[in-house]
Amino acid sequence: MRLTARSRNTNMAVCIAVIAKENYPLYIRSVPTQNELKFHYTVHTSLDVVEEKISAVGKSLGDQRELYLGLLYPTEDYKLKPNILNWRTRYGYVTNSKVKFVIVVDSSNTSLRDNEIRSMFRKLHNSFTDVMCNPFHNPGDPIQSKAFDGIVSGMMVQTG
């Protein structure tokens, strides 16, 4: 019973994006869908922080194999109806081929821990690798895989 409750906690992403090495989106999905343009902007602004962290890791003598960038930054969003302040946090991850993953999480879930975010990125990276290994997928094209979409759906906040 405890494992079921914990697995529900990891379904807290409100936006998941895969960004190509050249900084154009390969895949972006958000919940709710009416805020999609806002999340495009959010992901785009997160790329500056991702680039800063990548260059900082490159200059340090740390482990070059560390792909998880951690917390990029928190921001506040206002919901229109009751004017309640809502925090969202952005986490980053970069592959060896410089493809970037950004996950935006609703910060109202305080039980979400760093290792659960890492687990989400590992799942996403494994699914991305499966897409890239598909001989019918052209690298650089938008991701249109039902299997990849299913993995992302499992990580998203469930509405309704």
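Look a little higher up for the structure.
These numbers come from a predicted model, not from an experiment.

Peer 1: Describe in detail the overall build of the protein, supporting the description with residues and values.
Peer 2: Of regular secondary structure, the protein possesses 4 helices and 5 strands. Beginning at the N terminus, the succession of helices and strands in the protein can be written as α-β-β-α-β-β-β-α-α. Looking at the protein as a whole, 39% of its 160 residues are labelled buried. Taking as baseline every contact in the protein between residues at least 6 positions apart, the subset at least 24 positions apart corresponds to 55%. Accessible surface computed for the protein: about 9,800 Å², of which carbon and sulfur atoms make up 54%.

Peer 1: So, the packing of helix α3 (residues 114-133) against helix α4 (residues 146-155): which residues are in play, and what are the values?
Peer 2: At a minimum axis separation of 9 Å, α3 and α4 run at an interaxial angle of 170°. If you check the angle between α3 and α4, you find them roughly antiparallel. Of the residues in α4, those touching α3 at Met120, Lys123, Leu124, Ser127, Phe128 and Val131 are Ala147, Phe148, Ile151, Val152 and Met155. Its residues assigned to classes, the contact of α3 with α4 comprises 9 nonpolar, 1 polar and 1 charged.

Peer 1: Report on the nonpolar core, specifying residues and quantitative values.
Peer 2: Ranked by size, the top nonpolar core spans 27 residues in total, and within it Ile16, Val18, Phe101, Phe121, Phe128, Ile143 and Phe148 carry the most contacts. When residues of this core are traced back to their parent elements, those giving at least two are β1 (13-19), β2 (25-30), β4 (85-94), β5 (100-106), α3 and α4. Among the elements that line this core, the one with the most residues is α3, at 6 residues. Phe121 has contacts with Tyr68, Tyr91, Gly92, Tyr93, Phe101, Val102 and Ile103, leaving out every residue within four places of it along the chain. Val14, Ile28, Phe39 and Leu47 belong to the second-largest nonpolar core, a separate cluster that totals 10 residues.

Peer 1: Could you give me a rundown of the packing of aromatic side chains, with the residues and numbers involved?
Peer 2: Going through the model one piece at a time under the given rule, you end up with 4 aromatic pairs. Look at Tyr93 and Phe101: their rings are 5.6 Å apart centre to centre, the planes differ by 10°, and that puts the pair in the stacked class. As far as burial versus exposure is concerned, Tyr93 and Phe101 are alike and both buried. Centre to centre, the rings of Tyr93 and Phe121 are 5.2 Å apart; their planes meet at 10°, and the pair counts as stacked. Taken together, the residues Tyr93 in strand β4 and Phe121 in helix α3 connect sequence positions 28 residues apart. Note on Tyr93: relative accessible area 7%, which makes it buried.

Peer 1: Tell me about the pattern of salt bridges, and name the residues and values.
Peer 2: Taken as a whole, this structure holds 2 salt bridges when the rule is applied. Across the pair Arg29 and Asp149 runs a salt bridge whose closest N-O atoms are separated by 3.3 Å. Taken as a pair, Arg29 in strand β2 and Asp149 in helix α4 lie far apart in primary sequence, 120 residues in all. A salt bridge links Glu51 to Lys100, with the nearest nitrogen and oxygen atoms 3.6 Å apart. Residue Glu51 is found in helix α2 (residues 36-59), and its partner Lys100 is found in strand β5; the two are separated by 49 residues along the sequence. Exposure remark for Glu51: the relative accessible area of 35% places this residue in the partly exposed category.

Criteria and thresholds
- Residues numbered from 1 in each chain as written.
- Predicted model: local features only at pLDDT ≥ 70, side-chain atom pairs only at ≥ 80, totals over all residues.
- Heavy atoms only, no water.
- Helix = DSSP H or I, 4+ residues; strand = E, 2+ residues; numbered from the N terminus.
- Buried < 20%, exposed > 50% of the residue type's maximum accessible area, 1.4 Å probe, protein only.
- Contact = heavy atoms within 4.5 Å.
- Areas by Shrake-Rupley, 256 points an atom, 1.4 Å probe, with all protein chains shown as cover.
- Axes fitted to C-alpha atoms, helices over the stretch in contact; angles between N-to-C directions.
- Parallel < 35°, antiparallel > 145°, perpendicular 65-115°, else oblique.
- Nonpolar A, V, L, I, M, F, W, Y, C, P; charged D, E, K, R; others polar.
- Core = buried A, V, L, I, M, F, W, Y, C linked by side-chain atoms within 4.5 Å.
- Phe/Tyr/Trp six-rings, centres within 6.5 Å; stacked < 30°, edge-to-face > 60°.
- Salt bridge = Lys/Arg side-chain N within 4 Å of Asp/Glu carboxyl O.

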